[in-house]
There are 2 protein chains.
Amino acid sequence: MKLGLKRAGWLGVVALGALGAQKEERIPGFTRAGSRAQRELEAKLRSIPSPEMAERHLRFFTGEPHLAGSDRDREMAEYIRGQWKEYGLEEVRLLEYRVLLPYPEEVSVRLMEPYESELNLREEGYPEDQDSYDSSVGLPYNAYSASGQADAQVVYVNSGNPEDYQQLEQLGIDVRGKIALVRYSVPYSYRGFKALTAQQRSVAALLIYSDPADDGYGKGETYPRGPWGPESHIQRGGIPYDFLVPGDPLTPGWASVEGARRIPASEASSLPKILCAPLSYREARKILENLSGPVVPEGWQGGLPFTYHVGPGPARVRIRLRMDDQIRPIWVVEGRIRGSEEPDQWVIVGNHRDAWIYGAVDPSSGTASLMELARALGSLLRQGHRPRRTLILASWDAEEFTLTGSTEWGEQFADEVRAKAVAYLNVDSSTSGPNFEASAVPSLNDLIESVTREVPDPGTGRPLHQVWSKRTAGEGKAAPVENRLGSGSDYTVFLNFLGIPIADLSFEGPYGVYHSIYDSFHWMSRFGDPGFRYHSTLSVLWGMMALRVANASVLPLNFEAYARQVTVYLREVEKEAARKVDLRASLAQASRWLEASRALNRRVRAALDRDALPAPDRLRQLNQALAAVEQRLLDEKGIPGRPWYRHLIYAPRYTYAAEVLPGITEAVEKRDWEQAQEETLRVEEALRRAVEQVETASSFFAAQARRKQRLSLRER
Amino acid sequence: MKLGLKRAGWLGVVALGALGAQKEERIPGFTRAGSRAQRELEAKLRSIPSPEMAERHLRFFTGEPHLAGSDRDREMAEYIRGQWKEYGLEEVRLLEYRVLLPYPEEVSVRLMEPYESELNLREEGYPEDQDSYDSSVGLPYNAYSASGQADAQVVYVNSGNPEDYQQLEQLGIDVRGKIALVRYSVPYSYRGFKALTAQQRSVAALLIYSDPADDGYGKGETYPRGPWGPESHIQRGGIPYDFLVPGDPLTPGWASVEGARRIPASEASSLPKILCAPLSYREARKILENLSGPVVPEGWQGGLPFTYHVGPGPARVRIRLRMDDQIRPIWVVEGRIRGSEEPDQWVIVGNHRDAWIYGAVDPSSGTASLMELARALGSLLRQGHRPRRTLILASWDAEEFTLTGSTEWGEQFADEVRAKAVAYLNVDSSTSGPNFEASAVPSLNDLIESVTREVPDPGTGRPLHQVWSKRTAGEGKAAPVENRLGSGSDYTVFLNFLGIPIADLSFEGPYGVYHSIYDSFHWMSRFGDPGFRYHSTLSVLWGMMALRVANASVLPLNFEAYARQVTVYLREVEKEAARKVDLRASLAQASRWLEASRALNRRVRAALDRDALPAPDRLRQLNQALAAVEQRLLDEKGIPGRPWYRHLIYAPRYTYAAEVLPGITEAVEKRDWEQAQEETLRVEEALRRAVEQVETASSFFAAQARRKQRLSLRER
């Protein structure tokens, strides 16, 4: 026996000991008997996903570039369909949508002054990673850029956020008609927001590069020696304004199915009107070191070995972009396991399949984890374990463009999803390193924490919850689950358009090759997850969460945490508004919501503890009531200026970061107190609806309690 | 009339208006009549120092390298002597001390692996700055390095502080017998402390380089385009352990005068036993990019364009150092203006003259300001304005080695200085930019603030105090004068050995050429002070402060602020000690000190307001009592392990940063509660002595008050 194995075994024993204590506790939403059965089921589940199989899946999915709409993308969709059928999933099908999916025909960035030189948009190959030589890789581009040409002096604008342009203004630099060169990542903002910001300022064109201080040698060892971005890596990526409306830009709010109405591109609010292209730091350097003008303001200096200047010029650049702006097909793979008792209550799990190139991390790690989950669920079904509720698995497409596949699917089946879905559990990239991260609506915090208490961290063997909560506490977070939900992945349609409780899971680590050719199988096997144990662990976590929601007697949705979070958000905005907005009525509703949720929880716990559940029909209604609470927080008018985004508590900021209480927050930021007060009223009403919904859920116990009381009176 | 001039004239009017209001107020320490006379004197003083003359002085002092002990250093001392005599100063003399002043005979740093290359220790010349070509510039070195040879693999240790070595230990890196490569500046620590830290860890040799992130292109434009350090600049500098004892290492605590006893070098606690040499980043890069091993911990990455590794090796370096370890003469120039009424109360002003090369900022800007001050004081004397108290001007030498000249002078005249000096006002570098900085014992805060209220900021024309306090408030400081006093310049012997109230003044700005050949006249005239107005303004500020102390009826020492600061320090250490040390008695003494100081201040103000001062003999005793308060805070046993440092409130940390309550603080950091309690007792006693001294001062008023009362009774 090798030392390594011996040590792993020893860790396994420790883990078992540490985790053992949990095993006696009731699982949230389950009776004692139900908990025992569920844990037996989970023991079987845990034994299925394997690192070896995850590695095989990943090798397959990263074998060739598979951009959304490409032949390989379709082949992979068909492969998944085949595999899922083989695993035993039911009703497996391919859904096709036809959406605006531009590919590039010409991408040229040419330095014109102080010397002429065509910038090199190819990433260098490394012998360690044969995939890095693939000549079938297309031109790097920013999807949804306008087509056209610009020839102008360059200005460096740091991250390209509004405050950066403000600083330039203070320096007396006029950016109109200039080409703006900005860096991707510090402080992080979504590239589409950089594009909109530049467009609003009449910038002629935008170049976005990866500064080595942000994701290159300034962070650590670069590829292929380490996980960070080497000098020629290029971050591709879409720049649609999908913080306004996601999904196919030509079918905003409805599905791009056969015969669907399409609006003209000129009317599509999510389509940028600016030229935009990505650059590596090897090439951006040629521009940056030829900028004069003032030295950059504090915080703008990056990691290249010279003092940065803002310009304009003398560097002058000519940009030529030609996009084909084609309508292309994309494919969502869907499979399910029908629920034995509540087939019309759906637990949906999903991951996108399309990648910029190989996408070993983004998203193929998640796809590999999804395949292992599908295999495990199929196997359990064959062993006779059909869940109480229906499980739906989805392999989305074109997430990299505008979250397109999931959005179209959600729009297509909106009514059914609203009526049936009880939770959506998303995984985009499952693994780029060892650090577990989870974000979710607050009602799902307990579910996530309960599962992580029973699963060992692959690195240390200690309970994952312990490692995870210690790390997040060290990062200054109050709680391990992130409840401030922005956007950037496929849960958006479920949360913001449909009002379904969502969670999003991943393991993360140092990762500087995002959206570049180096996000490859070799990168993953060398740096991201050399033993593929995080891939398989994620399948286990994901599966346990899905099965706990699917099998629970009472849906594990805890609204106490939600009410508490909303109170925090209201207090924050109250402070920001310097008491110019009266939030007392909303705070009172949040407080009522907390009380109602506490009362509900007491009843749920009492019923589960004593195995005294309502009768099946009432239990079904109870669970439907619980699942619908999230929808009460939506308003069909949407938030101001963004009617597609209907959730009144959560929205993405234009940067894709979380924005809580978006309507009030944006009004307060504009100092529009009247609108802020109107938005507050909408939130107050939403919270009142949520209270009523929780009270409705409670009533099924109350009625039961009364009924029991009546029964016992009769018996006397 | 040019626009620039017109605008300056307009600003002048604004300034006059803004400053005018102050003119009616009583100057601290002066009667109303005295204030009027003092302001008339100051108006004359202000008209004398001129930017043009400051520029001429600076051009002269930066004409040639003038290392301490060199021929040019002596010529400059003699020149100053001549000038001061011409200006009308009295008793002008040269004092010679013979001290250990090593010059380098060989400094060689040779890369041996992975390829052989002698590192280039010459700084590149630039046509804009002809002085940068001077071939008479000696080898760059770290003064007091050991001599010898080392040949070993290199380890990168960030800043070379103890916590950096701890991090290496956690990475499993053994530094013993290796060559440590460290950067100078982040977080800043005195190079001598880096040497001691390396020596204690059995490092074979130390190389200290200037990382571009700290003082080069990472900060801004580099020389000759900007004020920051270009790739070949080298920071020279001493590495003695003068935080243990400053001054000639062979005469610790006594003066290196003719016939003085010298201890063997082997017994000199301030002499390093390690090899140490400085490097530019151009050369350090050749080593750093050939280090493998782990990637550096967070915060260690600098500004060179690759990922830093800690090593050890494969880079191997051979260092050869031969120092001549000669005893050399140094020269202090001293001149005075005898006081008319209190010739035995001294106000001392001083600046060092020696530079690593040209030292345009460090210290020649201060020397130029001192010359303008001397010229002004001489001129006032000729106009019949002899100060009440004696002014002593000093041009120190070998500050760059171990604060040597001032320390030897202070040790030589210790008894007389203790008996007579009422304040020491230091200026080292007077100007590297537009930002005023002052540090002082808290009792001098009022003096400094009062003067800055009446002098316009050269950049804006607004009162300097306003610009300065706004800037320091923006930096998060509670008050503009820095009261946490470390070391690093010539005030050390006065404060820490002799107990004289000290202040230190400068104008500062972006300055990346410290101790390099580029700290030159061209640098100053282009970046540091293009119009030389800050040089002349500093002469005015310095002169006004000196003359206010010299002419005040009651010395402008306010101990309320001191007592308040000490209370803050005691509270901090109490918190740090988590109440394991009982500081209540010390806090009670600080509180008594505050009350006694308040009572004293009331009497002083009442007397000055009513022009009802004690009789001359009693006033003399009162002022002597005030001047002696600072000495009550000293303890002749010194602080633990550092007997030369006698001040119980202030000492330099080993890093040269300020350490308040050094005895208690160090004991608390060692968790030695018993010693901390003993040190607390010493502080308590020192504070009690300070209280008594303040009460003694007060008593001269009390007696007067009683006497007046008696007189008035008799009259009835």
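Bear in mind the structure is a predicted one, so any value in this text is a computation, not a measurement. (Residues numbered from 1 in each chain as written. Chains lettered and ligands numbered in written order. Predicted model: local features only at pLDDT ≥ 70, side-chain atom pairs only at ≥ 80, totals over all residues.)

Caption draft 1: Fine view of the overall build of chain A. Scanning chain A from terminus to terminus reveals 22 helices and 16 strands. Overall, the C-alpha framework of chain A stretches about 100 × 70 × 50 Å when taken along its three principal axes. A burial count over chain A gives 57% of its 716 residues as buried. (Helix = DSSP H or I, 4+ residues; strand = E, 2+ residues; numbered from the N terminus. Buried ≥ 20, exposed ≤ 12 C-beta atoms within 10 Å, placed from the backbone.)

Caption draft 2: Region of interest: the packing of helix α4 (residues 71-87) of chain B against helix α9 (residues 360-382) of chain B. Residues and elements named next belong to chain B. Relative orientation of the contacting elements α4 and α9 amounts to 25°, with a least axis distance of 8 Å. By the angle class used here, α4 and α9 are roughly parallel. In contact with Q83, W84 and Y87 of α4, α9 contributes M371, A374, R375 and G378. Broken down by class, the residue content of the contact of α4 with α9 amounts to four nonpolar, two polar and one charged. (Axes fitted to C-alpha atoms, helices over the stretch in contact; angles between N-to-C directions. Parallel < 35°, antiparallel > 145°, perpendicular 65-115°, else oblique. Contact = placed C-beta atoms within 7 Å. Nonpolar A, V, L, I, M, F, W, Y, C, P; charged D, E, K, R; others polar.)

Caption draft 3: How the structure looks around the sheet that holds strand β7 (residues 275-279) of chain B. Residue and element names in this part refer to chain B. With mixed pairing, seven strands are arranged side by side in an open sheet as β3-β2-β8-β4-β5-β6-β7. The open sheet has two edge strands with one neighbour each: β3 (117-118) and β7. Across six bridges, the pairing between strand β4 (residues 148-156) and strand β8 (residues 316-323) is antiparallel. Bridge pairing in β8 places G148 opposite L321. (Pairing = 2+ DSSP bridges.)

Caption draft 4: Highlighting the interface of chain B and chain A. At the junction of the two partners, chain B supplies 14 residues and chain A supplies 14 residues. Tallied by class, the residues present in the side of chain B that touches chain A amount to six nonpolar, seven polar and one charged.

Caption draft 5: Geometry of the sheet that holds strand β11 (residues 389-396) of chain A. All names here are of chain A. With mixed pairing, the seven strands of this open sheet are ordered in space as β1-β9-β11-β10-β12-β14-β13. This sheet does not close on itself; its edge strands, each paired only once, are β1 (90-100) and β13 (435-440). Going across the sheet, the axis of each strand differs from the next one's by a mean of 20°, ignoring polarity. As paired elements, β13 and strand β14 (residues 502-508) share six bridges and run antiparallel to each other. By the bridge assignment, S439 is partnered in β14 with D504. Seen against the sheet, helix α17 (residues 533-551) touches β10 (342-352), β11, β12 (421-426) and β14 and runs at an angle of roughly 165° to β14.

Caption draft 6: Structural context of the relation of the copies chain B and chain A. Here chain B sits on chain A after a turn of 179° about the axis and a move of 0.0 Å along it, with an RMSD of 0.1 Å. The symmetry that links the two subunits is that of a two-fold axis. Interface overlap between copies is the fraction of interface residues in one copy that are interface residues in the other; for chain B against chain A it reaches 100%, indicating a shared surface. (Least-squares fit on C-alpha atoms with pLDDT ≥ 70 in both.)

Caption draft 7: Here's a closer look at the pairing of strand β9 (residues 327-337) of chain A. Residue and element names in this part refer to chain A. With respect to burial, β9 is a largely interior element, eight of its eleven residues being buried. In the sheet, β1 pairs with β9 via nine bridges, with the strands oriented antiparallel. By the bridge assignment, E96 is partnered in β9 with W331.

Caption draft 8: Structural context of helix α2 (residues 32-46) of chain B. Residues and elements named next belong to chain B. Between its first and last C-alpha atoms α2 spans 21 Å; for 15 residues at 1.5 Å apiece the expected length is 21 Å, and the two agree. Taken together, the buried positions of α2 are G34, S35, Q38, E42 and L45. Seen end-on, α2 carries its buried residues on one side only, within an arc spanning 95°. Facing away from the buried surface of α2 by more than 90 degrees, the exposed residues are A33, E40 and A43. As for α2, its buried residues are in contact with α9 and α17 (533-551). (Expected span 1.5 Å × (residues − 1). Arc of directions from axis to C-beta.)

Caption draft 9: Here's a closer look at the domain arrangement of chain A. Residue and element names in this part refer to chain A. Under the domain assignment, chain A is made up of domain 1 (3-101 + 328-551), domain 2 (104-325) and domain 3 (559-715). Taking the mean C-alpha position of each, domain 2 and domain 3 sit 41 Å from one another. In this complex, domain 2 contributes nine residues to the contact, which on the side of domain 3 involves six residues. The residue makeup of the side of domain 2 that touches domain 3, split by class, is seven nonpolar, two polar and no charged. (Domains from an automatic or database assignment.)

Caption draft 10: Structural view of the packing of helix α13 (residues 445-453) of chain B against α17(B). Residue and element names in this part refer to chain B. One can describe the packing of α13 onto α17 by two numbers: an axis separation of 10 Å at closest approach and a directional angle of 125°. Judged on the interaxial angle alone, α17 and α13 are oblique. Judged by the sense of rotation from one axis to the other, the crossing of α13 with α17 is right-handed. Every residue of α17 that contacts α13 at L447, I448, V451 and T452 is listed here: L541, M544, M545, R548 and V549. Its residues assigned to classes, the contact of α13 with α17 comprises seven nonpolar, one polar and one charged. (Left-handed = near helix turned anticlockwise from the far one by under 90°.)

Caption draft 11: How the structure looks around the confidence of the model for chain A. All names here are of chain A. The predicted model of chain A averages 93 in pLDDT, with 94% of residues at 70 or higher. Long-range and interchain partners of residues 712-716, a stretch whose pLDDT sits below 50, account for zero contacts in this model, where long-range means more than four residues apart. Quick note on the complex model: pTM equals 0.84, ipTM equals 0.76. (pLDDT = per-residue confidence, 0-100.)

Caption draft 12: Representation of unusual backbone geometry. Going from Y223(A) to P224(A), the amide bond is cis rather than trans, its omega being 5°. Here P224(A) shows up in the loop between α7 (212-215) and β7 (275-279). Its identity as a non-glycine residue notwithstanding, N158(B) has a phi of 55°, on the positive side. When you line up the elements, N158(B) lands in the loop between β4 and α5 (162-170). Given 25 C-beta atoms within 10 Å, N158(B) falls into the buried group. Backbone geometry at L661(B) places phi at a positive 45°, although glycine is not the residue there. Assignment of secondary structure puts L661(B) in the loop between β16 (658-660) and α22 (662-669).

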